[in-house]
Amino acid sequence: MACTTEFIDFVCSQLEGTGVIRTRKMFGDWMIYIDEKPIVLACDNICYVKKLSGIENLMTDAMTGSPYPGAKEHYILDIEHRDIAVKVVKALLPFVPYPKKKAKK
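Given the structure is predicted, the values throughout are model-derived calculations rather than measurements.

1. Brief notes about the pattern of salt bridges
Here is step 1: Counted by the stated rule, this structure contains two salt bridges.
Here is step 2: Among the ionic pairs, Arg22 bridges to Glu36, the shortest N-O distance being 3.0 Å. With a gap of 14 residues between them, Arg22 in strand β1 (residues 21–26) and Glu36 in the loop between β2 (29–34) and β3 (37–43) connect regions that are remote in the sequence.
Here is step 3: Residue Arg22 is classed as partly exposed on the basis of its relative accessible area, which comes to 32%.
Here is step 4: On the accessibility criterion, Glu36 (37% relative accessible area) is partly exposed.
Here is step 5: Note that Lys51 and Glu73 form a salt bridge whose closest N and O atoms lie 2.9 Å from each other. Of this pair, Lys51 sits in the loop between β4 (46–50) and β5 (64–65) while Glu73 is found in the loop between β5 and β6 (74–77), placing the two residues 22 residues apart along the sequence.

Given below as structure tokens:
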């Protein structure tokens, strides 16, 4: 089941103040970009963030899971608790690279 647009709107509202938010529908689910960096992957109305060392201390009690079959394990972001979600996203920003530009043909 793909994410509902209501869920994506809720996620974006919870992340206000973290930077410029942009969403993109991908493979039936959504990527949420903050300041043009791919930060949150939303699948089946669940938010996932990469398991990076920069947020280990914030995610010690977080559940983990795979956003889709074959994906690496991610942390599940508790988007219901805005304060926690904002802290995690702000901590992730320095560790997530900008997407590589695609070469023009």
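Once you've had a look at it, read on.
2. Section: the packing of aromatic side chains
Here is step 1: This structure, assessed with the given rule, holds zero aromatic pairs.
Here is step 2: The cationic tip of Arg22 hangs over the ring face of Tyr33; the distance from NZ or CZ to the ring centre is 4.2 Å.
Here is step 3: Here Lys37 stacks its cationic end above the ring of Tyr98, 4.9 Å away from the centre of that ring.

3. Side note on the side chain of Thr18
Here is step 1: Examined against the element boundaries, Thr18 turns out to sit in the loop between α1 (5–14) and β1.
Here is step 2: Of note is the side chain of Thr18, whose polar atom sits 2.7 Å from the backbone oxygen of Leu15.
Here is step 3: Not counting chain neighbours up to four residues away, the residues in contact with Thr18 comprise Ile34, Asp35, Val86, Val89, Lys90 and Leu93.

4. What about the pairing of β6?
Here is step 1: Sheet analysis places β4 next to β6, joined by four bridges and oriented antiparallel. The partner of Cys47 across the bridge, within β6, is Leu77.
Here is step 2: Both β5 and β6 contribute to a ladder of two bridges, which runs antiparallel. In the strand pairing of β6, Gly65 is matched with His74.

5. Focus on the side chain of Asp29
Here is step 1: Tracing the backbone through its elements, the reader meets Asp29 in strand β2.
Here is step 2: Although Asp29 is buried, it forms no salt bridge, and the closest oppositely charged side chain is Lys25 at an N-O distance of 7.7 Å.
Here is step 3: Separated by 3.4 Å, the side chain of Asp29 and the backbone nitrogen of Cys3 make a polar contact.
Here is step 4: Of the polar contacts made by the side chain of Asp29, one reaches the backbone nitrogen of Asp44; its length is 3.4 Å.

Rules and cut-offs
- Within each chain, residues carry numbers counting from 1 in the order of the written sequence.
- Restriction of local features to residues with pLDDT of at least 70 applies here, the model being predicted, together with a cutoff of 80 or more for giving and counting side-chain atom pairs; totals for whole chains, interfaces and linings are based on all residues.
- As a rule here, side-chain values cover all heavy atoms of the structure and leave hydrogens and water aside.
- By salt bridge we mean one thing: a side-chain nitrogen of Lys or Arg within 4 Å of a carboxyl oxygen of Asp or Glu.
- Strands here are runs of E lasting at least two residues and helices are runs of H or I lasting at least four, both read from the DSSP assignment and numbered beginning at the N terminus.
- Throughout this description, buried means an accessible area under 20% of the type-specific maximum (1.4 Å probe, protein chains only), exposed means over 50%, and partly exposed covers the range between.
- Here is the rule: rings of Phe, Tyr and Trp (six-membered ring for Trp) pair when centre to centre is within 6.5 Å. Planes less than 30 degrees apart are stacked, more than 60 are edge-to-face, and the remainder are tilted.
- We call a charge positioned over a ring when the NZ of a Lys or the CZ of an Arg lies within 6 Å of the ring centre and within 35 degrees of the ring normal.
- Within 3.5 Å is the distance limit for a polar contact, defined as a pair of N or O atoms, with the added protein rule that one can donate a hydrogen and the other accept it, and that residues adjacent in sequence qualify only through two side-chain atoms.
- It only takes one pair of heavy atoms within 4.5 Å for two residues to be counted as in contact.
- Strands pair, by our definition, only if DSSP identifies at least two bridges between them.
- By the counting rule applied here, Lys and Arg register as positive and Asp and Glu as negative, while His and the ends of each chain are not counted.

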